[in-house]
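# Structural features, examined
What follows is each chain in one-letter form.
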Amino acid sequence: MNKIYLDNAATTPLSEEVIEAMVGTMKMSFGNPSSTHSFGQEAKILIENVRRQVADYLHVSPAEIIFTSCGTESNNMIIKSGVEHLGVERIISSPLEHKCVSESILDMKTRKGVEVNYIRPDGKGDIDLQKLEELLKASGKKTLVSLMHANNEIGNLTDLKKVAELCKLYGALLHSDTVQTMAHMPLDFSDIPVDFASCSAHKFHGPKGVGFAFIRKSSGLKGIITGGPQERSLRAGTENVAGIVGLGKALEIAIGHMDAYAGHMQHIKNYAVAKLTAAIPGIKFNGRSAEADHSLYTVLSALLPYKNPLIGLQLDMKGIAVSQGSACSSGASKPSMVMMMVLSEDEMDHCTPLRISFSHMTTESDIDALAYALEEISKDFIIENTNVEHR
């Protein structure tokens, strides 16, 4: 069976160049970067080269890049240290955030008594910036705003520059989960005054288990993992040298091909919208995922016009990998908060959301196969429902 992978928002396959770079590092640069001898310093140089590479991409200082294990760790560190060490008393966020953000915020509310204000999105999944400004005006408490750049389920893009300018105007700190957009689009943090951001390498064909946090050096944030001076004393523990090298190689490839990859994936996404619309009468697309100007080109969130909780399994049996939501909540009995925010009660009861996500490796034939498989499944399901209705 020829397998088709359409779940790139969950993770992406490693590129051959990344594998080669990591294997070479594991073979030849095995020293501990904290060691003062040549073996250790060789490994340290590799880490610092990647740090400069990331900093150049974001137009920031290398000292503002802290390597971590993933975006989840980065987000936890930023939110929890913001409360613990920066005196944050209030957090403004949205119900659309990734669980690593929303649960970190709830933890700070429960354990530290932090006030939490949520901006409810509209039916398209957009954040009302006027409401954000009203909340920023409403209190003099030290505030952290945490809003993701692109939603991991529906792909909606937040105008990060406008949000950052509002936060700066009212003296609030801004954290953005940029896991879905990092290395997929240009990001200039010298122009966008965000204070904190996060990254996971495996979202752009790098290895799992490595990422970084951008921490504005003027913020004063401190680490929450202690026990060593690594990563400017913000993240103790021996660095994942091979993983960091892999991140750097994946970033190098992504930056070098960014325009071409973006153009290809946007074309594939547009093609998918057209093919699925033709194949499945009544299909809809959630949020702004089908709108090129408002959504990240890697994600398309479809809404099938019938209830079928086994659709992901049925497609997998046909060799096609997609997601019925965020991979981090797969298998959950309840629908995701994102779907609860953008779907009506009737849609929640009678329809099935499906997330399809692309990479530069995705082809039109992959989409043709998906459309054909969904058309066949839909026919069977509609016939079954029709028989039930006539009993």
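One structure accompanies this document, and this report is about it. (Residues numbered from 1 in each chain as written. Predicted model: local features only at pLDDT ≥ 70, side-chain atom pairs only at ≥ 80, totals over all residues. Heavy atoms only, no water.)

### A look at the pairing of strand E8 (residues 211-215)
Just so we agree on the cut-off: Remark: exposure states derive from per-residue accessible area (1.4 Å probe, protein chains only) relative to the maximum for the residue type, with buried under 20%, exposed over 50%, and partly exposed in between. Strands are runs of DSSP state E lasting at least 2 residues, helices are runs of H or I lasting at least 4, and numbering of each runs from the N terminus. Here a strand pair is declared whenever DSSP counts at least two bridges between the two strands.
Among the five residues in E8, five count as buried, and that is most of the element. Judged by which residues are buried, E8 turns out to be covered on both faces: Gly211, Ala213 and Ile215 on one side and Phe212 and Phe214 on the other are all buried. Here strand E2 (residues 65-68) runs beside E8; their pairing, made up of four bridges, is antiparallel. Looking across to E8, one finds that Phe67 is bridged to Phe212. The pairing of strand E7 (residues 196-200) with E8 spans five bridges and is antiparallel. Counterpart to Ser200 in the pairing with E8 is Gly211.

### Re the sheet that holds E8
Pairing between the strands of a sheet comes from backbone hydrogen bonds, and it takes one of two forms, parallel or antiparallel. Keep this limit in mind: The angle between two axes is taken between their N-to-C directions and runs from 0 to 180 degrees, where each axis is a line fitted to C-alpha atoms and a helix contributes only its stretch in contact. Residue contacts are defined here by distance: any two heavy atoms, one from each residue, within 4.5 Å place the two residues in contact.
One open sheet accounts for seven strands, arranged E2-E8-E7-E6-E5-E3-E4; its pairing is mixed. Every other strand in the sheet has two partners, leaving E2 and strand E4 (115-118) as the edge strands with one partner each. Averaged over neighbouring strand pairs, the angle between their axes works out to 20° when direction is ignored. Both strand E3 (residues 90-93) and E4 contribute to a ladder of four bridges, which runs parallel. Of the residues in E4, the one forming a bridge with Ser93 is Tyr118. Its contacts with the sheet place helix H2 (residues 38-58) against E2 and E8, and it is angled at close to 120° to E2.

### Let's talk about the packing of helix H1 (residues 16-28) against helix H7 (residues 241-256)
To keep it simple, the criterion reads: When an angle is under 35 degrees it counts as roughly parallel; over 145 it counts as roughly antiparallel; between 65 and 115 it counts as roughly perpendicular; any other value is oblique. Here is the rule for handedness: rotate from the far helix to the near one, and if that takes an anticlockwise turn smaller than a right angle the crossing is left-handed, while a clockwise turn gives right-handed. In this classification, Asp, Glu, Lys and Arg are treated as charged, Ala, Val, Leu, Ile, Met, Phe, Trp, Tyr, Cys and Pro as nonpolar, and every other residue, Gly included, as polar.
Packing of H1 against H7 leaves a shortest axis separation of 8 Å and a crossing angle of 150°. By the criterion of interaxial angle, the relationship of H1 to H7 is roughly antiparallel. The two elements H1 and H7 meet at a crossing, and its hand is right-handed. Judged by residue contacts, Glu17, Val18, Ala21, Met22, Thr25 and Met26 of H1 engage Val241, Ala242, Gly243, Val245, Gly246, Lys249, Ala250 and Ile253 from H7. A class-by-class count of the residues in the contact of H1 with H7 yields nine nonpolar, three polar and two charged.

### Some words on the environment of His37
Here His37 shows up in the loop between H1 and H2. Residues His37 and Gly319, spaced 282 residues apart in sequence, show a C-alpha to C-alpha distance of 50 Å.

### Points about the sheet that holds strand E9 (residues 284-285)
As summarised here, the arrangement of the three strands in space is E9-E10-E12, forming an open sheet in which the pairing is antiparallel. Single-partner strands in this sheet number two, and they are E9 and strand E12 (352-357). Here E9 pairs with strand E10 (residues 299-304) via two bridges, running antiparallel. Residue pairing for E10: Lys284 is matched across the bridge by Leu303. Helix H8 (residues 258-279) contacts E9, E10 and E12 of the sheet and is inclined by roughly 10° relative to E10.

Everything listed here is a matter of coordinates, which is why it stays silent on function.
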